[in-house]
Amino acid sequence: MSDVLLNFVAGGVGGSCTVIVGHPFDTVKVRIQTMSRPKPGEKPLFTGALDCAKQTVAKEGFFALYKGMAAPLVGVSPLFAVFFGGCAVGKWLQQTDPDQEMTFMQNVNSGALAGVFTTVVMVPGERVKCLLQVQQAGNSPSGVHYNGPLDVVKKLYKEGGIRSIYRGTGATLLRDIPASAAYLSVYEYLKKKFSGEGSQRTLSPGATLLAGGLAGMANWSVCIPADVLKSRLQTAPEGKYPDGIRGVFREVIREEGPRALFKGFAPVMLRAFPANAACFFGLELTLSLFRLLGLGHGAKKAEEK
Ligand SMILES: CC(=O)O[C@H](CC(=O)[O-])C[N+](C)(C)C
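Residues numbered from 1 in each chain as written. Predicted model: local features only at pLDDT ≥ 70, side-chain atom pairs only at ≥ 80, totals over all residues. Heavy atoms only, no water.

The protein chain has the name Mitochondrial carnitine/acylcarnitine carrier protein in an unreviewed UniProt entry, where Diploscapter pachys is given as its organism. For the protein chain, the Sequence similarities (unreviewed entry) comment in UniProt is given as "Belongs to the mitochondrial carrier (TC 2.A.29) family." Here the protein chain is described in UniProt, under the heading Subcellular location (unreviewed entry), as follows: "Mitochondrion membrane". (UniProt positions renumbered as here; feature names shortened; annotations may be inferred.)

A count of helices and strands for the protein chain gives 11 helices and zero strands. In the protein chain, the order of α-helices and β-strands from amino to carboxyl end is α-α-α-α-α-α-α-α-α-α-α. Its C-alpha radius of gyration of 20 Å places the protein chain within 12% of the 19 Å reference for a compact globule of 305 residues. Projected onto the principal axes, the alpha-carbon positions of the protein chain cover approximately 70 × 35 × 35 Å. Across the 305 residues of the protein chain, 50% fall into the buried class. Within the protein chain, contacts between residues at least 6 apart in sequence are counted, and of these 77% link residues at least 24 apart. Just so you have it, the protein chain exposes about 14,900 Å², and 66% of that area is on carbon and sulfur atoms. (Helix = DSSP H or I, 4+ residues; strand = E, 2+ residues; numbered from the N terminus. Rg over C-alpha atoms; globule rule 2.2 N^0.38 Å. Buried < 20%, exposed > 50% of the residue type's maximum accessible area, 1.4 Å probe, protein only. Contact = heavy atoms within 4.5 Å. Areas by Shrake-Rupley, 256 points an atom, 1.4 Å probe, with all protein chains shown as cover.)

A word on the site of the ligand. Taken together, Phe80, Phe83, Met122, Arg175, Asp176, Ser180, Tyr183, Asn219, Trp220, Arg271 and Asn276 make up all the residues around the ligand. Taking Asn219, its side chain carries an N or O atom lying 3.3 Å from an oxygen atom of the ligand. A distance of 2.7 Å separates an oxygen atom of the ligand from a polar side-chain atom of Arg271. If the ligand stood free it would expose 380 Å²; the protein chains cover 96% of that surface. In this structure the site holding the ligand corresponds to the largest cavity. No other element matches the four residues that helix H6 (residues 169-194) contributes to the shell around the ligand. Across the shell around the ligand, the residue classes break down as five nonpolar, three polar and three charged. (Near = heavy atom within 4 Å. Polar contact = N/O pair within 3.5 Å; in protein donor to acceptor, adjacent residues only side chain to side chain. 1 Å grid on protein atoms, 1.4 Å probe; cavity = no way out; pocket = protein on both sides within 12 Å on 5 of 7 lines; lining within 4 Å. Sits in = over half its atoms within 2 Å of the grid points. Nonpolar A, V, L, I, M, F, W, Y, C, P; charged D, E, K, R; others polar.)

Core analysis: the biggest nonpolar cluster contains 23 residues, and Phe80, Phe83, Phe84, Tyr183, Phe280 and Leu283 have the highest contact counts within it. Within the residue set of this core, elements represented by two or more residues are helix H1 (3-34), helix H3 (70-94), helix H4 (104-133), H6, helix H7 (205-221) and helix H10 (265-292). Here the element with the most residues in this core is H3; it accounts for six residues. Ranked by size, the runner-up nonpolar core spans 10 residues in total, among them Leu233, Ala236, Tyr241 and Ile245. (Core = buried A, V, L, I, M, F, W, Y, C linked by side-chain atoms within 4.5 Å.)

One pass over the full model with this rule turns up two cavities of 30 Å³ or more. The volume enclosed by the largest cavity comes to roughly 420 Å³. What lines the largest cavity is a set of 25 residues, among which Leu79, Phe80, Met122, Trp220 and Arg271 lie closest to the centre. Breaking the lining of the largest cavity down by element, the ones donating at least two residues are H1, H3, H4, H6, H7 and H10. Residue composition of the lining of the largest cavity, grouped by class: 11 nonpolar, seven polar and seven charged. Considered as a void within the structure, the second largest cavity measures approximately 70 Å³ in volume. Looking at the second largest cavity, the residues that line it are Ala71, Pro72, Gly75, Val76, Leu79, Val121, Met122, Gly125, Glu126 and Lys129. For the lining of the second largest cavity, the secondary structure elements donating two or more residues are H3 and H4. When the residues that make up the lining of the second largest cavity are grouped by side-chain class, the tally is six nonpolar, two polar and two charged. (Points joined across faces, edges and corners; volume = space filled by probe spheres on them.)

This brings us to the UniProt feature "repeat: Solcar" (unreviewed entry) in the protein chain. The UniProt entry lists residues 2-93, 102-193 and 203-289 under the feature "repeat: Solcar" (unreviewed entry), expressed in the numbering used here. The span residues 203-289 is 76% helical and 0% strand by assignment, and the distance between its end C-alpha atoms comes to 14 Å.

Moving on, we get to the packing of aromatic side chains. Under the criterion given, the structure shown has 10 aromatic pairs. Ring geometry for Phe62 versus Phe63: centroids 5.4 Å apart, planes at 80°, classification edge-to-face. Taking the relative accessible area as the measure of exposure, Phe63 reaches 65% and is therefore exposed. Seen in terms of ring centroids, Phe84 and Phe280 are 5.5 Å apart; in terms of plane orientation they differ by 85°. Their pairing is edge-to-face. Here Phe84, found in helix H3, pairs with Phe280, found in helix H10; they are 196 residues apart in sequence, far enough to count as distant. (Phe/Tyr/Trp six-rings, centres within 6.5 Å; stacked < 30°, edge-to-face > 60°.)

The structure is reproduced here in structure tokens:
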């Protein structure tokens, strides 16, 4: 079976692991990024990530942290499938023979290409997810109440058609091209470092978790400002930002200063490590299973040895 397809399937498994481990952290992140600014003399809604998690559990129960998870499970697993399938396409495009090792820059290119592919799949799911995550009892920043993912899609379509569903595409590209380049290249770099030299390279489960977790942190360190702008744009009432991400950027800088572009940094980083460690663990485990079944170029190479 082609390596692109195998990576696509293994990426889907990795994506499901990411969502299950990472979604509660993501809910906290989106709530912090989109909370309204306190008026003079008022306390902020949340004082930090832990306070947000505590308040959410106390007021809405533990499963409130899993609000909106159906959309990413349906959307994010295919997204990771597309990402890792896209990386395999990038590799195939750059390799002159299938045994050639990728350089750091070639991995940067493959990741960036995969980031373009994933944006197309990701935008509607992210829009739905963010709108559901920021909705709290009787309070929705967009001013519309939604009863679940399908209801969001219906209402968005009625309000502004496909354009509304795809609101935030530019912001997502701005976030995901550099982030995906960092994600793949850092993982592959660390994988090489941790698996030693020579033909008998193996990566221990601990090393996979560490390399995956650090790759996730690298991904987010380059894209938090674009992510803040994207979350605000995707949860704003229709027509609030007629010139898109530029309008959000101007407003954030004018009203809250550049620090606001890093809102949610702590919950993002807290989530990034475990969620992406789980992702690469699931990915590598599935790829090993495929090799055991004699599928793909990796299996052929092992047979020849
Ligand atoms: C923005 C995002 O979804 O990043 C993914 C890592 C994560 O923490 O979910 C990486 N990638 C988009 C490259 C699949």
